[in-house]
Amino acid sequence: MKRFIGFVKKEFYHIFRDKRSMFILFGMPIAQIMLFGFAITNEINNVKIAILDKSKDTETQKIIQKLSNSSYFDIEQEITTEAQIESVFKKGNVKAVLVFEKDFIKQLQSQKNGKVQVITDATDPNMANTISNYITSILQNFIQEKNKNNKPIYQIQTQTQLFYNPEMKSVFTFVPGVMTVILMLVSAMMTSISITREKELGTMEILLVSPIKPFQVIIGKVFPYIFLSVINATVILLLGFFVFKMPIEGSLFLLAIESVLFIVCALALGILISTLSNSQQTAMMISLFGLMLPVILLSGFIFPISSMPLPLQVISNIIPAKWFIIIIKAIMLKGSGIALIWKETLIIIAMTIVYIVISIRKYKIRLE
């Protein structure tokens, strides 16, 4: 036991004296959570738009004022002809143009129907769609205010209620996703590099035949990263809660248990990667390119899995990050208990066991 404790202390010493490892372990998670939280967002604010008002009546001025008063849009300029629309877009500042038809107020009074055309710059389709939806929502709100004293014969009202994220804050999606990506990449990458370093230097075989048992060697190499990954997860949760006001509706104890379970799964995957690598560079390449793209693209972090082709949906099932994102969102946003996430938990446990079994067999083959 004393030998094992001494071995673990040695591993901590190697980690803490390597400044690059410390930067990857603690600098990258903080930088990513801040970037994703502040810079990457689906919400819009202060988007510059232009106005082509052919009517120039009181109603159009009220609509323009309503748009300007919102925090979503800034009226960049007013144009006079449709020929100016393309030149306005080419400058790159304006993202949308509102075109009010001629005699807008007369159409409202006589036919109860006024036309407003929304032209958006669709070089970014998602942004264009979001801008269009926001403008449509403001226009509908204006119409409701105008018709509040009218009593039409037929009236259908739609009331929308948003559960778990009523303000539609995109950071509520990014914090669980970033936490998952960081824990997966850091845990798997650092573990694989650490073990591969011993193989590359020729010391792994010596360790495996030393008085320390082989499983103690692997546990000793992995244990420091469990500890450091738990610290990473704690830092991310604290930043999410205090900086971005990310709610934690469910049990903190359950969240901690599930996080540790996922960390162990990621570390087991890192051990598996080390069995396939003969150099630190190879281990890093497999960890970064073999894990980063699938974790980001196929885990449901950024893109919904249901919108993907069927083959990719099937492949996503073997990515642990997909199941952990489901778990962490359920606990943090929905307040779910183990009764609702036990299937995902069992899948992560099963994956962990598979990684460990394959790794043990690989190392036995190498020792024969």
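Scroll up for the structure.
Residues numbered from 1 in each chain as written. Predicted model: local features only at pLDDT ≥ 70, side-chain atom pairs only at ≥ 80, totals over all residues. Heavy atoms only, no water.

Caption draft 1: Molecular detail of the overall build of the protein. A count of helices and strands for the protein gives 14 helices and four strands. Relative to its 368 residues, the protein shows a buried fraction of 41%. Pairs at least 24 residues apart make up 78% of the contacts formed inside the protein by residues separated by at least 6 positions. Entry remark: accessible area of the protein is about 21,000 Å², with carbon and sulfur atoms responsible for 62%. (Helix = DSSP H or I, 4+ residues; strand = E, 2+ residues; numbered from the N terminus. Buried < 20%, exposed > 50% of the residue type's maximum accessible area, 1.4 Å probe, protein only. Contact = heavy atoms within 4.5 Å. Areas by Shrake-Rupley, 256 points an atom, 1.4 Å probe, with all protein chains shown as cover.)

Caption draft 2: Broad picture of helix α3 (residues 58-69). In this model α3 runs 16 Å from its N-terminal to its C-terminal C-alpha over 12 residues, within 8% of the 16 Å that 1.5 Å per residue would give. The residue sitting at the N-terminus of α3 and contributing the capping side-chain oxygen is aspartate 57; that oxygen lies 3.1 Å from the backbone nitrogen of glutamate 59. (Expected span 1.5 Å × (residues − 1). Polar contact = N/O pair within 3.5 Å; in protein donor to acceptor, adjacent residues only side chain to side chain.)

Caption draft 3: Unusual backbone geometry, seen in detail. Backbone geometry at lysine 56 places phi at a positive 55°, although glycine is not the residue there. Non-glycine residue lysine 245 carries a positive phi angle of around 60°. With respect to the secondary-structure elements, lysine 245 resides in the loop between α9 (214-242) and α10 (252-276). You can call lysine 245 exposed: its relative accessible area is 56%.

Caption draft 4: Structural context of the packing of aromatic side chains. Throughout the structure, instances matching the rule amount to three aromatic pairs. Here tyrosine 72 and tyrosine 134 contribute two aromatic rings whose centre-to-centre distance is 4.8 Å and whose plane-to-plane angle is 85°, an arrangement assigned as edge-to-face. Of this pair, tyrosine 72 sits in the loop between α3 and β2 (73-79) while tyrosine 134 sits in helix α6 (residues 125-146), and the two are 62 residues apart along the sequence. Tyrosine 72 gets classed as partly exposed once you look at its relative accessible area, which sits at 32%. Under the relative-accessibility criterion, tyrosine 134 is labelled partly exposed at 24%. Taken together, a centroid distance of 4.3 Å and an interplanar angle of 5° make the contact between phenylalanine 262 and phenylalanine 324 stacked. Of this pair, phenylalanine 262 sits in helix α10 while phenylalanine 324 is found in helix α13 (residues 320-334), placing the two residues 62 residues apart along the sequence. (Phe/Tyr/Trp six-rings, centres within 6.5 Å; stacked < 30°, edge-to-face > 60°.)

Caption draft 5: How the structure looks around the packing of α10 against α13. The contact between α10 and α13 brings their axes to 10 Å, and the two run at 170°. When the interaxial angle is binned, α10 and α13 end up roughly antiparallel. Residue-level contacts link Leu254, Leu255, Glu258, Ser259, Phe262 and Cys265 of α10 to Pro320, Ala321, Phe324, Ile327, Ile328, Ile331 and Met332 of α13. Each residue belonging to the contact of α10 with α13 can be placed in one class, and the counts come to 11 nonpolar, one polar and one charged. (Axes fitted to C-alpha atoms, helices over the stretch in contact; angles between N-to-C directions. Parallel < 35°, antiparallel > 145°, perpendicular 65-115°, else oblique. Nonpolar A, V, L, I, M, F, W, Y, C, P; charged D, E, K, R; others polar.)

Caption draft 6: Local environment of the pattern of salt bridges. Applying the stated criterion across every chain yields a total of three salt bridges. Two residues, glutamate 76 and lysine 48, come together in a salt bridge whose shortest N-O distance is 3.7 Å. Separated by 28 residues along the polypeptide, glutamate 76 in strand β2 and lysine 48 in strand β1 (residues 47-53) bring together distant segments of the chain. Its relative accessible area of 32% is what places lysine 48 among the partly exposed residues. The partner of glutamate 82 in a salt bridge is lysine 54, and the shortest N-O contact between them spans 2.7 Å. (Salt bridge = Lys/Arg side-chain N within 4 Å of Asp/Glu carboxyl O.)

Caption draft 7: Structural context of the nonpolar core. The biggest cluster of nonpolar side chains holds 60 residues, and the ones touching the most others in it are Met179 and Ile348. Looking at this core, the elements with two or more residues in it are α7 (171-201), α9, α10, α11 (280-298), α13 and α14 (338-367). For this core, the leading source of residues is α7, giving 17 residues. Setting aside chain neighbours within four positions, we find isoleucine 348 in contact with Leu261, Phe262, Cys265, Pro320, Trp323, Phe324 and Ile327. Counting residues in each nonpolar core, the second largest holds 17 residues, with Ile51, Ile63, Ile135 and Ile138 among its members. (Core = buried A, V, L, I, M, F, W, Y, C linked by side-chain atoms within 4.5 Å.)

Caption draft 8: Focus on α10. Helix length check: α10, at 25 residues, gives a terminal C-alpha distance of 36 Å against a target of 36 Å (1.5 Å per residue), a fit within 8%. For α10, the buried fraction is high: 18 of the 25 residues fall into the buried class. N-capping of α10 is provided by serine 251, with a side-chain oxygen placed 3.2 Å from the backbone N of phenylalanine 253.

Caption draft 9: Focus on a nonpolar patch on the surface. The grouping of Ile338, Trp342, Leu346, Ile349, Ile353 and Val357 at the surface amounts to a nonpolar patch, some 530 Å² of accessible area in total. For isoleucine 338, the position within the fold is in helix α14. (Patch = residues over 30% accessible without salt bridge, like charges linked within 9 Å, V, L, I, M, F, W, Y side chains within 5 Å.)

Caption draft 10: Broad picture of the sheet that holds β1. If you trace the four strands from one edge of the open sheet to the other, you get β2-β1-β3-β4, paired in mixed fashion. At either end of the open sheet lies a strand with only one pairing partner, and these are β2 and β4 (116-120). Pairwise comparison of adjacent strand axes, ignoring direction, gives a mean angle of 25° for this sheet. The sheet contact formed by strand β3 (residues 96-100) and β4 spans five bridges and is antiparallel. Bridge assignment links valine 99 to a residue of β4, and that residue is glutamine 117. The strands that α3 touches are β1, β2 and β3; relative to β1, the one it contacts most, it runs at about 175°. (Pairing = 2+ DSSP bridges.)

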